[in-house]
Amino acid sequence: MTAVALRASTGRTDVDISLSRRQVEIGERFAALLSADLAPAVRRMAEQPVPPQADTDEDAAYTREAVWRALVELGATRLLLPERYDGEQAGQQGAVVVAELLGRVLYQGPLLDTMTATEVMLAEADPAGKLLREIAEGAAVTVAVRRGGRDSHSRPAKFDCPDQPGGPTVEAERRFVGFAPETWSVLLVGRVGQVGPAVHAALVPRDHPTVTWRRHDDIGRGELYAVRFAGSPVAAWFGDPDGGCAAWPQIVARARIRHAAYLVGLSQGALDLAVDRASARRQFGRPIGRFQALAFQLAGLATRLEGARLLVRAAAWEADEGRDPRLSAAQALGMAADLAGEITAAAVQVHGAYGMTEDCDVQIYYRRAHVERGWLGAAADVRAEAVPWLAEAVRARHSGRPDAGGRL
């Protein structure tokens, strides 16, 4: 990984999007684990054989556990934590470096959800740091927000508290929850009953008998679950009992920045496979990559992907500077999501019929792209959310005053 010394200008505000020495160090540290040698195993470690085979399931579980422990030992769960909790305090700029590497090898695991849960705890509660220190040591958390397909992190579904809002137990159904059996706790996020639009967050022990789950059949070959909470005890509430988790919109924005970085890495991994195939596959006596039409197509996609990468870095920089990152996060996620679909489709086409077979890894990138690109909101919905933020930025620029993100 090399440092790219670039600065983007937004109005009269300079945004530093070059890789710092610390970001380069973080990238080199994790690149050794997420290398080309390990990538084929990581890409398929969440696959469920049909019919199920006990030995294959055990091998996959062992691989997932080994990768998770290695990520923890390298400090992945400490990246966002401040030093007082034995963290690295690397911010979003450090997190996006790791997220991109994860996307490149199609890592599927609870790390990104654990980062989101970490930010909830930092913003809303846990003054003694007990939960945060457990996360630093490797306790994984998954985030449960959806009951149906139209729910999203910005519009989480409702859940009930039989006693009262903020009570000792919760009742809810959530779908599309990642890696539930492998986590320490579930962060249940949503609106409580008929109380109002405020978003509340409750940490529920995953191994309590009132928490049950069932694995989804996933076209993306991932590991998603339907989870039911039937009077499940709450280990901790985050946010005000009436106002809810006030920091949630900002937390979602930062999660979108990290997920955009993951999609950039996913696109890069698919593009790398396409370039390798174009160099090896021959027609009319020469590699197909030497035909201008294909060469120009791949070069154009690579150029646009670099633009998305720099946009992600700019959004991460804004978030670390304490500015409102919602607009830049939406822009980065929308661009990365569109590219993930285009690049993975092009990569499959470069591979020809072989690209659609089970033996070819490029089809896994294509499958995952169509799940991951809508994970934190479909691109159209994210753009619709961004309209008022964009309008505010335009008004601020014409008036000469800073907008919510500190831009002029």
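Residues numbered from 1 in each chain as written. Predicted model: local features only at pLDDT ≥ 70, side-chain atom pairs only at ≥ 80, totals over all residues. Heavy atoms only, no water.

(A) Local environment of the side chain of Ser267. Inspection of the secondary structure assignment puts Ser267 in helix α7 (residues 248–280). On the accessibility criterion, Ser267 (0% relative accessible area) is buried. Setting aside residues up to four positions removed in sequence, Ser267 forms contacts with Leu305, Leu339, Ala340 and Ile343. (Helix = DSSP H or I, 4+ residues; strand = E, 2+ residues; numbered from the N terminus. Buried < 20%, exposed > 50% of the residue type's maximum accessible area, 1.4 Å probe, protein only. Contact = heavy atoms within 4.5 Å.)

(B) Broad picture of the sheet that holds strand β9 (residues 224–233). On the basis of which strands lie adjacent, the open sheet formed by three strands has the order β5-β9-β8 and antiparallel pairing. A strand with exactly one partner marks an edge of an open sheet, and here the two such strands are β5 (169–178) and β8 (211–215). Within the sheet, the average angular offset between the axes of one strand and its neighbour, ignoring direction, is 10 degrees. As paired elements, β8 and β9 share five bridges and run antiparallel to each other. If you follow Arg214 over to β9, its bridge partner there is Ala226. (Pairing = 2+ DSSP bridges. Axes fitted to C-alpha atoms, helices over the stretch in contact; angles between N-to-C directions.)

(C) Broad picture of the pattern of salt bridges. The final tally for this structure, using the stated rule, is 24 salt bridges. Salt-bridge contacts for Glu173 lead to Arg228; the nearest nitrogen and oxygen are separated by 2.6 Å. One end of the pair, Glu173, is in strand β5; the other, Arg228, is in strand β9, with 55 residues separating them in the sequence. Because the salt bridges share partners, they merge into one network encompassing Glu25, Arg29 and Glu88. (Salt bridge = Lys/Arg side-chain N within 4 Å of Asp/Glu carboxyl O.)

(D) Layout of the packing of aromatic side chains. Within the structure shown, the criterion is met by two aromatic pairs. Centre to centre, the rings of Phe159 and Trp237 are 6.1 Å apart; their planes meet at 25 degrees, and the pair counts as stacked. With Phe159 in strand β4 (residues 158–159) and Trp237 in strand β10 (residues 236–238), this residue pair connects regions lying 78 residues apart in the sequence. Using a relative accessible area of 2% as the deciding quantity, one classes Phe159 as buried. With a centroid separation of 6.4 Å and 80 degrees between ring planes, the pair formed by Phe284 and Phe291 is classed as edge-to-face. What makes Phe284 exposed here is its relative accessible area of 76%. For Phe291, a relative accessible area of 24% corresponds to the partly exposed category. (Phe/Tyr/Trp six-rings, centres within 6.5 Å; stacked < 30°, edge-to-face > 60°.)

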